[in-house]
Each structure stands twice: as structure tokens, then as C-alpha cells.
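Spelled out from the first residue to the last, the chains are:
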Amino acid sequence: MANIRIKNIFKRYPGGVLAVNDVSLDIADKDFVVLVGPSGCGKTTTLRMLAGLEEITEGEIYIDNKLVNEVAPKDRDIAMVFQDYALYPHMTVFNNMAFGLKVRKVPRREITAMVNEAARTLGIEHLLDRKPKALSGGQRQRVALGRAIVRSPKVFLMDEPLSNLDAKLRGLMRVEILKLHQKLQTTFVYVTHDQVEAMTMGSKIVVMKDGIIHQIDAPQTLYERPNNVFVAEFIGNPKINIIEVIPEKVGDDVFITLGESKIKIPSGKGKKLEDSGDYIGNTLLFGVRPEDIHDEEDDCDSKDSSIKVLIDVVENLGSETIVHFDIDGVDFTGKLNPTTKVRPGDSVILYLDTNRIHFFDKETENAIMH
């Protein structure tokens, strides 16, 4: 078991490319931390530096309070699971799982016991005599996990381990990996570009872009209180609706205009807009998530939150209905109850849950309030 401390690390490649830019991160013992972000954001490079597979340009990495910058990967007491499984095609499942133990000269009897125990944990005892080419993608992933488990490492590192699986199998394997973490009680660091994987698996999520950490928080906090527009748009599906608005003061209240409709901002949020800077009367960014747009007034606390829109497209997904419409030239998405009667071409009244709306500074795109 081990805690991890990443302190001000940089990764520069020839030509001046800065892949990781001053990243610092503390991971507690037994945490399940997910690094998430779009391709090229630096998440895999960060993981590989943690594993010792990539040289650190600048900064320090500690595992179990020990500086490991100059420690070889095999001596860091970590195990890594790769996107492509990295199994030896000429070896059986048993020998793939046992390989690392044989290199460490673990006695044969102990190897057999450890491999069999790991195979039982993952439900692959019946596959031990097969070779990788005879396995499905999910079975190969279990073998790769088993090879990591038998080493009883202090830290598990996983780089996009489910990206080669189909959607149904990814869902099943997410659950299996979470069960594994609960059983092993070991520190997990997991890299993915998939925000659904991140939200469902991580106890803490690290959102990265352009080599920089934009936010570190629990999944629900990321969703409810994003630090900036990038985090707000990256977390959530369909993504948050963002539009420029100009708040205006009318008496004691603050309003914004969406299309032909005026929306009253709850008094607490309106006061924060007034207190946070020169936002009243100037352009800022307004955000509302699709799931906070309803076609029943009773679903919203505010009665001054209605907008009249023309529905362009309706997607009926069974458990929910996604509607698309336009406000001031901006495409909006709402996530309605599956029993809704709304159809394409309908002119309807929708309601915003104004207690859950977001505001961002237009220039910095940082959140104005949480």
C-alpha cells in the first residue's frame, strides 16, 4: 500500500514541446484516482513518468514517501496494465501471469499458488492453459489484470485499459475493476479519455488539458461546481449548454434574456454576480446542463424560468428523451422525461432549474461562482 506525491513535474520533448506543465498531485493510500482529458492532454505521459517509463524533465515523484526519480521501473513496486494488454503471444495464460514472478525468482510452488489465486479472483481459472490468441478481448484484459495482481504491488497503474473493448464489455469490466480495487485495498491510478469511466470509477478525478491540471475533485463536485468552461463541457453527456448573456438589474432582482424570454436569477446567485465583479450590464457566459431543462413547471423551484423554443430534433432513448432547439443562434440540448409529448416542429415552453445554473467570465472562462 502506498501514497503518491507528484511535485511540480514537467515533461519537455525535443523541439520545445511541453507535454506536462508543472503538474502537482497528492494521492492518498488506497485511493482510486482517474486522470481524464482529451487526447494529447498529458495524462498518459504523467502516468508513464510515475511508472518510470518516461524520464522526468523537472520535478519530483514520491511513492510511499520515497523519491523515485532515479529508481528503475522494476524497483518502484508498481504494476502497469496497458491499453493493448501487452501479453506474450507464445506463452499460456499461466505463464503470462507467472512471468514477473519467475523473473524475481519466486519459488515455483508459490508462483502456482499466487497465479491460481489471482485467476480465481478474476474468474479465469479455466483459461490458464490457453494462449492469448484463443481469448476474447475481455478475457485478455482479465489476464493482464491478473499478471498485475500476482505481484501484489503497492500501486496499480492503468493506461486506457478498456478502450479496445465494446461498450457492453467496458461497462462490465468497469465493475470488475472497482470490485478488484475494493478487494485489494491498493492505490489505483487510472488514465482514460472517457468521462463516463472517470465519473463512475474514480474516488477523485484529475481533469487535464494541454499538460495542465484544470481541476481535482470528487466526481459529483466536478459535475456541480466546475472550475471553468472546459471542465463544465468535458464532464456530462450531453454536454452543458453555454451561451453569452448580459445580466441586468431590475429593482432588487437580476435577470438574463434568452431568446424572447427573461429568466430571473435566484437572489443568492444574483447577489454573487453583483459582488464578484463588473458583471451586471456586461457580457458573460451562462451555462445550464441539459438535465436541468424540463417540460414540467413543477420540476423547477423557480417560476420565472420559462423559455419558449421551437423543437428541431427529438431523440427518444427509452429511459430519457433528448431534445434539440435553438436560442439566439446557439444549439441547445435538453434532457426530458421519456413520457414527454414533445415532437419535432413543436413550439413549447421549457423550464430551467435556475438553482443549478452556472456563470463564467467571458475572457478567462473561469467560474464566477460555485
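Residues numbered from 1 in each chain as written. Predicted model: local features only at pLDDT ≥ 70, side-chain atom pairs only at ≥ 80, totals over all residues. Heavy atoms only, no water.

Caption draft 1: Just the pattern of salt bridges, in detail. Summed over all chains, the structure comprises 14 salt bridges. E244 serves as the salt-bridge partner of K362, at 3.6 Å between the closest nitrogen and oxygen. On the criterion of sequence distance, the pair formed by K362 in the segment after β21 (358–360) and E244 in strand β11 (residues 241–245) is long-range, its members being 118 residues apart. Exposure remark for K362: the relative accessible area of 35% places this residue in the partly exposed category. What makes E244 partly exposed here is its relative accessible area of 46%. Its salt-bridge partner being R356, residue D292 comes within 3.0 Å of it at the nearest N-O pair. (Salt bridge = Lys/Arg side-chain N within 4 Å of Asp/Glu carboxyl O. Helix = DSSP H or I, 4+ residues; strand = E, 2+ residues; numbered from the N terminus. Buried < 20%, exposed > 50% of the residue type's maximum accessible area, 1.4 Å probe, protein only.)

Caption draft 2: The arrangement of the packing of aromatic side chains in detail. Enumeration according to the criterion identifies seven aromatic pairs in this entry. On the basis of an interplanar angle of 55° and a centroid distance of 5.6 Å, the ring pair of F286 and F359 is categorised as tilted. Here F359 lies in strand β21 and F286 lies in strand β15 (residues 284–288), a separation of 73 residues in the sequence. With a relative accessible area of 0%, F286 lands in the buried category. (Phe/Tyr/Trp six-rings, centres within 6.5 Å; stacked < 30°, edge-to-face > 60°.)

Caption draft 3: Spatial organisation of the pairing of strand β3 (residues 32–36). Extensive coverage of β3 is indicated by the burial of five of its five residues. Burial of the side chains of β3 extends over both faces: F32, V34 and V36 are buried on one face and V33 and L35 on the other. For β3 and strand β8 (residues 187–192), the ladder comprises five bridges, and the chain directions are parallel. The residue bridging L35 from the neighbouring strand is V191, located in β8. (Pairing = 2+ DSSP bridges.)

Caption draft 4: Up close: unusual backbone geometry. The peptide bond linking N237 to P238 adopts the cis configuration, its omega dihedral lying at -5°. The topology assignment puts P238 in the loop between α8 (229–234) and β11. Phi is positive for S152, which is not a glycine, with a value near 45°. On the basis of relative accessible area, S152 is assigned to the exposed category, the value being 56%. The backbone of E160 sits at a positive phi, close to 50°, despite the residue not being glycine. You can call E160 buried: its relative accessible area is 10%.

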